[in-house]
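Working through the structure, step by step
Below are the chains, spelled out letter by letter.
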Amino acid sequence: ASPDELSLVVFAARCGLVLHERTPTRIVVHEPSGRLRGFELLGEMPFSSELKRMGVLLRDESTGAIQFLAKGAESVMAERVASSDWMEEEVGNLAREGLRTLVVAARDLSEPQLDAFSRAYGAAQLARAGRAEATRAAWEMLQEDMRLLCVTAVEDRLQASLGTPRLIA
């Protein structure tokens with residue numbers, strides 16, 4: 001796991017949100033209330049240095065709600081979320097302190113939107129030519145009009161006293 005991911009996991013655990021189970025098709029988290037909450041894992045957009053972001057497509061097992069969540073560099077995520085003076089200011093402030101920032105955003109999807117993505121992604125996976133471009137285009141369908149969830153900042157060096165990077169925001 002990257003230092004950013006490790007910091008996010010540690011922070012979530014301190015808030016009472018802990019991964020309970022993970023399979024190739026399902027994620028279950030233990031919520032602060034003590035309740036277990038399951039999600040069907042519909043797809044994963046892997047990180048690449050070219051894209052500078054990664055994402056996950058989930059369906060809440062209790063509500064049926066479909067959501068695409070993404071995290072990535074501010075430089076690419078700013079294009080995908082509604083304009084936010086707060087985000088720009090905070091990212092600038094944190095960067096001036098020498099911290100590496102990530103933007104986390106989400107988009108709720110309808111069944112027809114999920115179906116359109118699934119068709120495009122399925123066709124991309126079967127393509128003999130241009131597979132990478134078609135796959136990227138399918139994932140791009142999910143990354144319009146995302147809402148900002150948070151900005152995180154992580155020091156690049158390990159904290160000797162904690163043994164893990166320090167989560168700032």
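Check the entry above for the structure.
Just so we're clear, the structure is a prediction, and the values are computed from it rather than from any experiment.

**Here we look at the packing of aromatic side chains**
Applying the stated criterion to the full structure yields four aromatic pairs. Seen in terms of ring centroids, phenylalanine 68 and tryptophan 139 are 5.9 Å apart; in terms of plane orientation they differ by 35 degrees. Their pairing is tilted. Residue phenylalanine 68 is located in strand S5 (residues 66-72), and its partner tryptophan 139 is located in helix H5 (residues 131-140); the two are separated by 71 residues in the primary sequence. One exposure class covers both phenylalanine 68 and tryptophan 139, and it is buried. With centroids separated by 5.5 Å and ring planes inclined at 25 degrees, the aromatic side chains of phenylalanine 117 and tyrosine 121 adopt a geometry described as stacked. A residue pair is termed a helical-turn pair when its members lie 3 or 4 positions apart in one helix, as phenylalanine 117 and tyrosine 121 do in helix H4 (residues 111-126) at four residues. You can call phenylalanine 117 buried: its relative accessible area is 4%. Assessed through its relative accessible area of 28%, tyrosine 121 is described here as partly exposed. An aromatic cluster is present here, built from Phe68, Phe117, Tyr121 and Trp139 joined pairwise through their rings.

**Concerning the side chain of glutamine 143**
Among the structural elements, glutamine 143 can be located in the loop between H5 and strand S7 (147-154). A polar atom in the side chain of glutamine 143 sits 3.1 Å from the side chain of arginine 80. Glutamine 143 has contacts with Met45, Arg53, Phe68, Arg80 and Arg107, leaving out every residue within four places of it along the chain.

**With respect to the side chain of arginine 80**
Checked against the element boundaries, arginine 80 lands in the loop between helix H2 (74-77) and helix H3 (85-96). Separated by 3.2 Å, the side chains of arginine 80 and glutamate 79 make a polar contact.

**Let's talk about the packing of H4 against H5**
At their nearest, the axes of H4 and H5 sit 8 Å apart, and the two run at 170 degrees to each other. In terms of axis orientation, H4 runs roughly antiparallel to H5. Of the residues in H5, those in contact with Phe117, Ala120, Tyr121, Ala124, Gln125 and Leu126 of H4 are Arg131, Ala134, Thr135, Ala138 and Trp139. Here the contact of H4 with H5 is built from residues that sort into eight nonpolar, two polar and one charged.

Rules and cut-offs
Residue numbers restart at each chain and count upward from 1, following the sequence in its written direction. In keeping with the predicted nature of the model, local features appear solely for residues at pLDDT of at least 70, side-chain atom pairs appear and are counted solely at 80 or more, and the whole-chain, interface and lining totals rest on all residues. Working from all heavy atoms in the structure, the side-chain values ignore hydrogens and water. Any two rings among Phe, Tyr and Trp, with Trp reduced to its six-membered ring, count as a pair given centres within 6.5 Å; such a pair is stacked if its planes are under 30 degrees apart, edge-to-face if over 60, and tilted if neither. A helix here means a DSSP run of H or I that spans at least four residues, while a strand means a run of E at least two residues long, and both kinds are numbered starting from the N terminus. A 1.4 Å probe rolled over the protein chains alone gives each residue an accessible area, and that area as a share of the maximum for its type sets the label: buried under 20%, exposed over 50%, partly exposed in between. What qualifies as a polar contact is a pair of N or O atoms within 3.5 Å, subject to a donor-acceptor requirement within protein and to the restriction that residues adjacent in sequence count only when both atoms come from side chains. A contact between two residues is defined here by any heavy atoms of the two lying within 4.5 Å. Under this scheme, a helix contributes an axis fitted over its contacting stretch, all axes are lines through C-alpha atoms, and angles between N-to-C directions fall in the 0 to 180 degree range. The scheme is simple: roughly parallel for angles under 35 degrees, roughly antiparallel for over 145, roughly perpendicular for 65 to 115, oblique for anything else. Put simply, Ala, Val, Leu, Ile, Met, Phe, Trp, Tyr, Cys and Pro go in the nonpolar bin, Asp, Glu, Lys and Arg in the charged bin, and everything else, Gly too, in the polar bin.

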